[in-house]
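# Observations on chain architecture
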Amino acid sequence: MVDLSYDDALPLHADVEVLGERDGVVVARCRYDNAEGSPVEGFLAFPSGALLAGDEVAGVIYQHSTGGKEGFLPEAIQVAEAGGIALSLAIADTGDSVRNLRESILAIRRGADLLTSYGVDRLGCVGHSMGAMMAGTVSGIDRRFRCFVFDSGLSGMSIFYRDTAHPETKRVRESMTPEEYEPLLALMEPYDCGNFVGDAAPAALLFQSAWFDPNVSRAHCEAFFAAGSEPKEFRWYDTGHVINEVAAYSDRARFLAQWLDLPGLPDRLRSRT
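Quick notes on the rules
- Residues numbered from 1 in each chain as written.
- Predicted model: local features only at pLDDT ≥ 70, side-chain atom pairs only at ≥ 80, totals over all residues.
- Heavy atoms only, no water.
- Helix = DSSP H or I, 4+ residues; strand = E, 2+ residues; numbered from the N terminus.
- Rg over C-alpha atoms; globule rule 2.2 N^0.38 Å.
- Buried < 20%, exposed > 50% of the residue type's maximum accessible area, 1.4 Å probe, protein only.
- Contact = heavy atoms within 4.5 Å.
- Areas by Shrake-Rupley, 256 points an atom, 1.4 Å probe, with all protein chains shown as cover.
- Pairing = 2+ DSSP bridges.
- Axes fitted to C-alpha atoms, helices over the stretch in contact; angles between N-to-C directions.
- Polar contact = N/O pair within 3.5 Å; in protein donor to acceptor, adjacent residues only side chain to side chain.

What follows concerns the overall build of the protein. Each helix and strand in the protein was counted, giving 10 helices and 9 strands. Relative to the globule expectation of 19 Å for 273 residues, the C-alpha radius of gyration of the protein, 18 Å, shows essentially globular dimensions. Along the longest, intermediate and shortest principal axes, the C-alpha atoms of the protein span 55 × 40 × 30 Å. Burial statistics for the protein: of 273 residues in total, 53% are counted as buried. Taking all contacts inside the protein whose residues are at least 6 apart in sequence as the whole, residues at least 24 apart take part in 70%. As displayed, the protein offers around 11,500 Å² of accessible surface, 50% of which is attributable to carbon and sulfur atoms.

So, about helix α4 (residues 130-139). Among the 10 residues of α4, 10 are classified as buried, and the element is accordingly described as predominantly covered. Among the residues of α4, M130, G131, A132, M133, M134, A135, G136, T137, V138 and S139 are the ones counted as buried. The secondary structure elements touched by the buried residues of α4 are β4 (57-64), α3 (97-117), β6 (120-128), β7 (145-151), α5 (157-163) and α8 (218-227).

It is worth spelling out the sheet that holds β7 at this point. Strand order in the open sheet formed by 9 strands is β1-β2-β3-β5-β4-β6-β7-β8-β9, with mixed pairing between adjacent strands. Taken across any chain shown, the strands that pair with only one partner, and hence form the sheet edges, are β1 (15-22) and β9 (232-237). Ignoring strand direction, the axes of neighbouring strands in this sheet form an average angle of 15 degrees. Across 6 bridges, the pairing between strand β8 (residues 204-210) and β9 is parallel. Note that in β9 the partner of L205 across the bridge is K232.

This part takes up the side chain of Q63. Within the secondary structure, Q63 is located in strand β4. Within polar-contact distance, the side chain of Q63 engages the backbone oxygen of S104 at 3.2 Å. Beyond its immediate chain neighbours, meaning those up to four positions away, Q63 contacts F72, L89, A90, I91, S104, A107, I108, V126, G127, H128, G131 and M134.

Just geometry here; none of it tells us what the structure is for.
This is how it looks when you write it as structure tokens:
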């Protein structure tokens, strides 16, 4: 199995720049050192005074590959409205497909270091697309998380690159010979979340998939779910790859509220819809 360990004594050098405060919630730009590569940048949402109080609270780390670090920001704010702390991240974009995997996975784990330093004692993680696959890998190696949500994921990026017609994978395939492409997939395969989600227990898993996703087939979705450990749930939605159905947001909020003891989270969602 690929080595994704790191020295947990590494300093974070966290830099938090407040953007604004509204209705008791602070939203800030956040930057912290990754275990490898460039610093991680995202958005941090928290209740007013929470970072100073040191109270034990729930925390959620979000990682969105389609919408970037802003993709999950509204949901991060809702977590803060419910009394938790949330971090909204993008996937790494280094120009190197394998390096992107390592740095994206480690960004989630270092985000957990950051949130626990603020007093978070129960963690959840939500990932979209490649972010779902990175969260899936984290689920098998980091026991600090109580639950994970996988939005539009499949069992790994090597499978995505081999089997889908996504413009990015097509571009990469066409830029390389088969003799170059197959070794790339072999380097990616050890990071595939299908190798890890079977070891996620006792963390709870929610798989969210779209009936009309042009890039992730029903068979891919079902194989990903089958690989996961119990307890787990599977939900389908009438959308494309970006699952923007209200029911999906509600299901995520319910799931996170249940496993992170955030009973007010579903109410915050209803107040926005």
